[in-house]
Amino acid sequence: MAAWAVDAVPLLLGWAIWETVAVTGAAMDCVTYDNGGVSCRSVTTPAIDLLTVSMLVFTLGYLVWNHGYRQGVTGASLGKSVLRFRVLDEKTWQPVGFGASLLRLLVHLVDAAICFVGFLFPLWDPRRQTLADKLVGTVCVSGTR
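Residues numbered from 1 in each chain as written. Predicted model: local features only at pLDDT ≥ 70, side-chain atom pairs only at ≥ 80, totals over all residues. Heavy atoms only, no water.

Named according to an unreviewed UniProt entry, the protein is RDD domain-containing protein originating from Mycolicibacterium vaccae ATCC 25954. Looking at the Subcellular location (unreviewed entry) heading of the UniProt record, one finds this comment for the protein: "Cell membrane". (UniProt positions renumbered as here; feature names shortened; annotations may be inferred.)

Set out below in structure tokens:
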């Protein structure tokens, strides 16, 4: 859980900046009616739309780099590096590679889909694997080894 929090920091900072710019930069479109009433609504601007697309591309790129490339090649995402543990293939004890590491990230959706029970598997599993780890064939080990 702590590794996930460290991994999330760049995304949270990016989206906080986006939210600040989007809220403060929103344009208002107001209409005054004959009876004196006023109706206003917030409208997006092309700059905000461009920033939104940029943040979506940044988010996808960061996830692919951190969980696909970095974790796949070294065995550790940023958060796992800070906490000194790695994700390895359960048969070879080597980093799993780009594709399997991304697959593991996607299969974590299964862990979440069943009311996050898949993330609790390490509490009773002898190898401390999540459901995604079992499905992909990975194991998390502590130390840099």
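Enquirer: Would you mind going over the state of the cysteines with me for this structure?
Expert: When the sulfur atoms of two cysteines share a covalent bond, that bond is a disulfide. For the coordinates displayed, the defined rule picks out 1 disulfide. In this model Cys 30 forms its disulfide with Cys 40; the gap between the sulfur atoms is 2.0 Å. Handedness here is read from the sign of the S-S torsion; for Cys 30 and Cys 40, about 110°, the answer is right-handed. Here Cys 30 is found in strand E1 (residues 27–32), whereas its partner Cys 40 is found in strand E2 (residues 38–43), with 10 residues between them in sequence. On the basis of relative accessible area, Cys 40 is assigned to the partly exposed category, the value being 42%. (Disulfide = S-S within 2.5 Å. Helix = DSSP H or I, 4+ residues; strand = E, 2+ residues; numbered from the N terminus. Buried < 20%, exposed > 50% of the residue type's maximum accessible area, 1.4 Å probe, protein only.)

Enquirer: Got a minute to help me understand the packing of aromatic side chains in this structure?
Expert: Centre-to-centre distance and the angle between the planes together describe a pair of aromatic rings. Taken as a whole and judged by the stated rule, the model has 5 aromatic pairs. An angle of 70° between the planes, with centres 5.3 Å apart, marks the rings of Trp 15 and Trp 18 as edge-to-face. Taken together, the positions of Trp 15 and Trp 18, both in helix H1 (residues 2–24) and 3 residues apart, correspond to about one turn of that helix. Judged by centre distance (6.3 Å) and plane angle (45°), the ring pair of Tyr 62 and Trp 65 falls under tilted. Taken as a pair, Tyr 62 and Trp 65 lie in helix H2 (residues 46–74) at a separation of 3 residues, close to a single helical turn. (Phe/Tyr/Trp six-rings, centres within 6.5 Å; stacked < 30°, edge-to-face > 60°.)

Enquirer: What is the right way to look at helix H4 (residues 98–113) in this model?
Expert: Working note: α-helix, 3.6 residues per turn, so residues spaced by three or four point in the same direction. Here H4 spans 24 Å end to end across 16 residues, near enough to the 22 Å set by a 1.5 Å rise per residue. Every buried residue belonging to H4 is among Ser 101, Leu 102, Arg 104, Val 107, His 108 and Asp 111, and all of these are buried. A positive backbone phi angle near 55° is found at Cys 115, which sits one or two residues after H4. (Expected span 1.5 Å × (residues − 1).)

Enquirer: What is the right way to look at the side chain of Gln 71 in this model?
Expert: By secondary structure assignment, the location of Gln 71 is in helix H2. Gln 71 gets classed as buried once you look at its relative accessible area, which sits at 1%. In this structure the side chain of Gln 71 is engaged in a polar contact, spanning 2.9 Å, whose partner is the side chain of Lys 80. Each residue touching Gln 71, except ones within four places of it in the same chain, is listed here: Asn 66, Ala 76, Ser 77, Lys 80, Val 87, Ser 101 and Arg 104. (Polar contact = N/O pair within 3.5 Å; in protein donor to acceptor, adjacent residues only side chain to side chain. Contact = heavy atoms within 4.5 Å.)

Enquirer: Please clarify how the layout of surface pockets should be interpreted in this entry.
Expert: Empty space among the atoms becomes visible once a probe the size of a water molecule is rolled across them. Its boundaries defined by the atoms lining it, the largest pocket holds a volume of some 1,300 Å³. Met 1, Trp 4, Lys 80, His 108 and Phe 119 are, among the 37 residues lining the largest pocket, the residues nearest its centre. Elements supplying a minimum of two residues to the lining of the largest pocket: H1, H2, H4 and strand E4 (138–142). No other element matches the 8 residues that H4 contributes to the lining of the largest pocket. Of the residues assigned to the lining of the largest pocket, the class counts are 25 nonpolar, 6 polar and 6 charged. (1 Å grid on protein atoms, 1.4 Å probe; cavity = no way out; pocket = protein on both sides within 12 Å on 5 of 7 lines; lining within 4 Å. Points joined across faces, edges and corners; volume = space filled by probe spheres on them. Nonpolar A, V, L, I, M, F, W, Y, C, P; charged D, E, K, R; others polar.)

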